[in-house]
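Structural features, examined
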Amino acid sequence: MEIARVRLCIDGQWIDSADGVVREIRSPFDNGLVAQAAEATADDVEQAIAAARRAFDSGPFPHWTLEQRCALVARVADLLERDAQLIAAAESADTAKRLLEAEYDIADVIAVFRHFAALGRALHERQVDVGRPEIDSRIVYEPVGVCGLIGPWNYPLLQLAWKVAPALVAGCTFIMKPSELTPSSAAHLMRILMEAGTPDGVANLLLGAGAVVGAPLTSDPRIDLVSFTGGLATGKRIMAAAAATVKKVALELGGKNPHIIFADADLDAAIDNAITAAFLHSGQVCSAGTRLLVERAVHDQVVDAIVERARRIHLGGPADPLTETGALISEAHLVKVQKYCLDGIAEGAVLRTGGQRSTAPGLERGWFFEPTVLDNCNTRMRCVQDESFGPILTVEVFDSEAEAVALGNDTIYGLSGGVWTRDEAKAQRVAGALRHGTIWVNDYGPYRPEAEWGGFKQSGIGRELGVDGLHEYLEAKHIWRNTTPARSGWFASEGTTA
């Protein structure tokens, strides 16, 4: 198999890094080499920032009409649809997620670009009635400027799409920085942006580690906005670095998401959804429902069923039609997940199933961790409070609605949560009381590009998708025009004498 070579793209030119260094991209499934990616240097970062700044300050793109920018984004969606199978295959190779899951992800990417193309066409300035007929008072929307767009490895292209599409509609220029572990689909998007007619310098692609590439994007005064999806610790560093130049930040920093099952729920549906919420993509999902809260009366029934189902989950490679979930992203991440599990057991959690690396036949060379259930947990445990980002489900019990809400909110995070009950009034009360950005009732996991996504508390700042996802990349400007100018009369026009 030919190994793909992924290069940097700066100011419309595909280039190798300044020092020629490349990173090997290896499949988490079998550690096989799938790509070689250029590792950007500080000089490469400087060139990219300069190109994006130049394209915004003196290039044509910010002066395109809104209709032109929306048409560009719609063309990108069409080209993504044309190449969907190629992009899904590349992303599946980088992440080792099932090819079917990667195909779903690329379909979502296309939907995101179409959403923002349509949303942009509906964007209008706003008239402000000040009660004076001679005054024309308007709110107009202008692009933020140059943006640093930093994506994660679990949904490489989808999370970048949430940033790139609204940035283009708004008229911003930007630098994409995908995870160094999963660069291939971002490179394909870059090629499509160029084919669609994006002017040179508007979109730029940098590859490499965060310390070299990401850090300058957060601190350089020529960057006007940083949008980052990733871990809490990195998000805090980005906020601190951005403070020096008071640039805008949009942060999605994960969650520890409560999934609440009341005794009066449709338990068959709740159990099935709880398994998907915890173990889809091996738990490597920011909104994963890996914190299960079960009403005491049905605890044994629910947890026993989940344990039995978890033991039967088929781990495998991207091309195996029997695969239900795949590998963790790297050996380092597997070690982290394993420690998280061991620490939970040491704190008093009861291991019901899993808890170790899987070395089943055919999986020996990959980074597979068995679907794991830790019972008898409580909110004082680190395994309940910290995000594992792996296939580990912790279980707590509650005895009342008020206790379920209190437990669900007992976290520094606030990204998402789920509620299962047949009592509609109870569902609405609990959904309203939970301090999380998305709440699913009798469901778990769906999202729509038309609906805002983001978290409360330490799950982040700002929103992606929906209308607010576009406004993150816009500045609101108030223009006041007096159509019949006159003297203000505030100060005397002639001097006075004592």
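Before reading further, recall that the structure is shown in the block above.
Structure report, in brief. Along each chain, the written sequence defines residue order, and numbers are assigned to residues from 1. The predicted nature of this model means local features are confined to residues of pLDDT at least 70 and side-chain atom pairs, given and counted, to a pLDDT of 80 or more, with totals for whole chains, interfaces and linings taken over all residues. Heavy atoms throughout the structure, all of them, feed into the side-chain values; hydrogens and water do not.

Remarks on the packing of aromatic side chains
Each aromatic ring pair is characterised by the separation of its centres together with the angle its planes make. Rules: Classification of ring pairs rests on two measures: the distance between centres of Phe, Tyr or Trp rings, Trp counted by its six-membered ring, which must be within 6.5 Å, and the angle between planes, read as stacked under 30 degrees, edge-to-face over 60 and tilted in between. Here a helix means four or more residues in a row that DSSP labels H or I, a strand means two or more in a row labelled E, and each is numbered from the N terminus. Per-residue accessibility, obtained with a 1.4 Å probe over protein chains only, is compared with the maximum for each type, and a residue is labelled buried under 20%, exposed over 50%, and partly exposed between these values. Look at NZ for Lys and CZ for Arg. If either is within 6 Å of the ring centre and within 35 degrees of the ring normal, a charge sits over the ring.
As enumerated under the stated definition, the model contains eight aromatic pairs in all. Arranged with centres 5.4 Å apart and planes meeting at 85 degrees, the rings of W153 and F389 form a pair that is edge-to-face. Here F389 lies in the loop between helix 12 (382–385) and strand 17 (392–398) and W153 lies in the loop between strand 8 (146–150) and helix 5 (156–170), a separation of 236 residues in the sequence. The same class applies to W153 as to F389, namely buried. A connected cluster of aromatic rings, assembled from ring pairs, spans W162, W440, Y444, Y447 and W453. Between the NZ or CZ atom of K97 and the centre of the ring of Y155, over which it lies, the distance is 4.0 Å.

Comments concerning the packing of helix 5 against helix 6 (residues 184–196)
When two helices pack together, their arrangement is given by the angle between their axes and by how far apart the axes lie. Applied cut-off: Here the axes come from fitting lines to C-alpha atoms, over the contacting stretch only for helices, and the angles between their N-to-C directions go from 0 to 180 degrees. Should an angle fall under 35 degrees it is called roughly parallel, over 145 degrees roughly antiparallel, and 65 to 115 degrees roughly perpendicular, with every other angle called oblique. Here a crossing is taken to be left-handed if its near helix is turned anticlockwise relative to the far helix by less than a right angle, and right-handed if that turn runs clockwise. Here, residues are in contact when the closest pair of their heavy atoms is within 4.5 Å.
With their axes 10 Å apart at the nearest point, helix 5 and helix 6 run at an angle of 30 degrees to one another. Classified by the angle their axes make, helix 5 and helix 6 are roughly parallel. The crossing of helix 5 and helix 6 is right-handed. From helix 5, P156, L157, L160, V164 and L168 reach across to helix 6, where they touch S185, A186, L189 and L193.

A word on the nonpolar core
Across soluble globular proteins, nonpolar side chains have a tendency to be buried as a group. This is how the line gets drawn: Residue types Ala, Val, Leu, Ile, Met, Phe, Trp, Tyr and Cys, when buried and joined through side-chain atoms within 4.5 Å, form a set referred to as a nonpolar core.
If you look at the biggest cluster of nonpolar residues, it comprises 102 residues, and the most contacted ones within it are L80, F113 and F174. With 11 residues, helix 5 is the single largest residue contributor to this core. Look past the residues within four positions of F174 in its chain and what remains in contact with it is A52, C147, L149, V164, A167, L168, L193, V202, A203 and N204. In this structure, A96, F279, I306 and L315 belong to the second largest nonpolar core, which totals 27 residues.

Concerning the environment of R357
Test applied: Here a polar contact is recorded for every N or O atom pair within 3.5 Å, except that within protein the pair must consist of a potential hydrogen donor and a potential acceptor, and residues adjacent in sequence are included only if both atoms are side-chain atoms.
By secondary structure assignment, the location of R357 is in the loop between strand 15 (350–353) and strand 16 (372–375). Accessibility expressed as a relative area gives 28% for R357, which makes it partly exposed. Placed 105 residues apart in sequence, R357 and E252 show a C-alpha to C-alpha distance of 29 Å. If sequence neighbours within four positions are ignored, R357 has contacts with L334, Q338, E364, R365, G366, W367, F368, F369 and E370. Among the polar contacts made by the side chain of R357, one reaches the main-chain carbonyl oxygen of E364 at a distance of 3.2 Å. At a separation of 2.9 Å, a polar atom in the side chain of R357 contacts the main-chain carbonyl oxygen of G366.

A short note on the packing of helix 13 (residues 401–409) against helix 14 (residues 424–433)
As a reminder, the rule being used: Following the grouping adopted for this structure description, the nonpolar residues are Ala, Val, Leu, Ile, Met, Phe, Trp, Tyr, Cys and Pro, the charged ones are Asp, Glu, Lys and Arg, and the polar ones are all others, Gly among them.
The interhelical angle for the contact between helix 13 and helix 14, taken along N-to-C directions, is 30 degrees, at an axis separation of 10 Å. Judged by the inter-axis angle, helix 13 sits roughly parallel to helix 14. Handedness of the helix 13/helix 14 crossing: right-handed. Note on element contacts: helix 14 touches helix 13 through K426, R429, V430 and A433, opposite E401, V405 and N409. Class assignment for the residues of the contact of helix 13 with helix 14 results in three nonpolar, one polar and three charged.

Concerning the sheet that holds strand 19 (residues 438–441)
Defined as follows: Any two strands are treated as partners once DSSP identifies two or more bridges connecting them.
Across the sheet, seven strands lie side by side as 15-16-17-14-13-18-19; this open sheet has mixed pairing. Each edge of the open sheet is held by one strand with a lone partner, namely strand 15 and strand 19. With direction set aside, neighbouring strand axes in the sheet form an average angle of 20 degrees. Taken together, the four bridges between strand 13 (residues 258–261) and strand 14 (residues 291–295) define a ladder with parallel strand orientation. Within strand 14, the position partnered with P258 by the bridge is R291.

Quick look at the pairing of strand 14
Defined as follows: The handedness rule is simple: strands pointing away from the viewer, and a clockwise path from the first strand over the helix to the second, make the crossover right-handed.
Among the five residues that make up strand 14, five are buried, leaving the element largely enclosed by the rest of the structure. Judged by which residues are buried, strand 14 turns out to be covered on both faces: R291, L293 and E295 on one side and L292 and V294 on the other are all buried. Between the parallel pair strand 13 and strand 14, the chain is carried across by helix 9 (residues 267–279), and the sense of this crossover is right-handed. Pairing of strand 14 with strand 17, which is carried by five bridges, proceeds in the parallel orientation. Each bridged residue has a counterpart across the sheet, and for R291 the counterpart in strand 17 is T394.

Digging into the layout of surface pockets
Rules: Grid spacing is 1 Å over the protein atoms alone, the probe is 1.4 Å, and a cavity is where that probe fits but cannot get out, while a pocket is an open set with protein on both sides within 12 Å along at least five of seven lines and lining residues have an atom within 4 Å of a point. Grid points are joined across faces, edges and corners, and a volume is the space filled by probe spheres set on the points.
Roughly 1,200 Å³ of internal volume is contained in the largest pocket. What lines the largest pocket is a set of 44 residues, and nearest its centre among them are G230, G231, L232, T234 and K336. At the level of elements, helix 7 (210–219), strand 11 (225–229), helix 8 (232–243), helix 11 (331–346) and helix 12 are the ones that each hand at least two residues to the lining of the largest pocket. Considering every element that reaches the lining of the largest pocket, the biggest residue donor is helix 11, with six residues. For the lining of the largest pocket, the residue count by class is 19 nonpolar, 15 polar and 10 charged. Here the second largest pocket defines a volume of roughly 590 Å³. Taken together, 24 residues make up the lining of the second largest pocket; nearest its centre are Y155, L280, V285, G445 and Y447. Among the secondary structure elements, those contributing two or more residues to the lining of the second largest pocket are helix 4 (99–121), helix 5 and helix 9. For the lining of the second largest pocket, the element with the most residues is helix 4, which contributes four residues.

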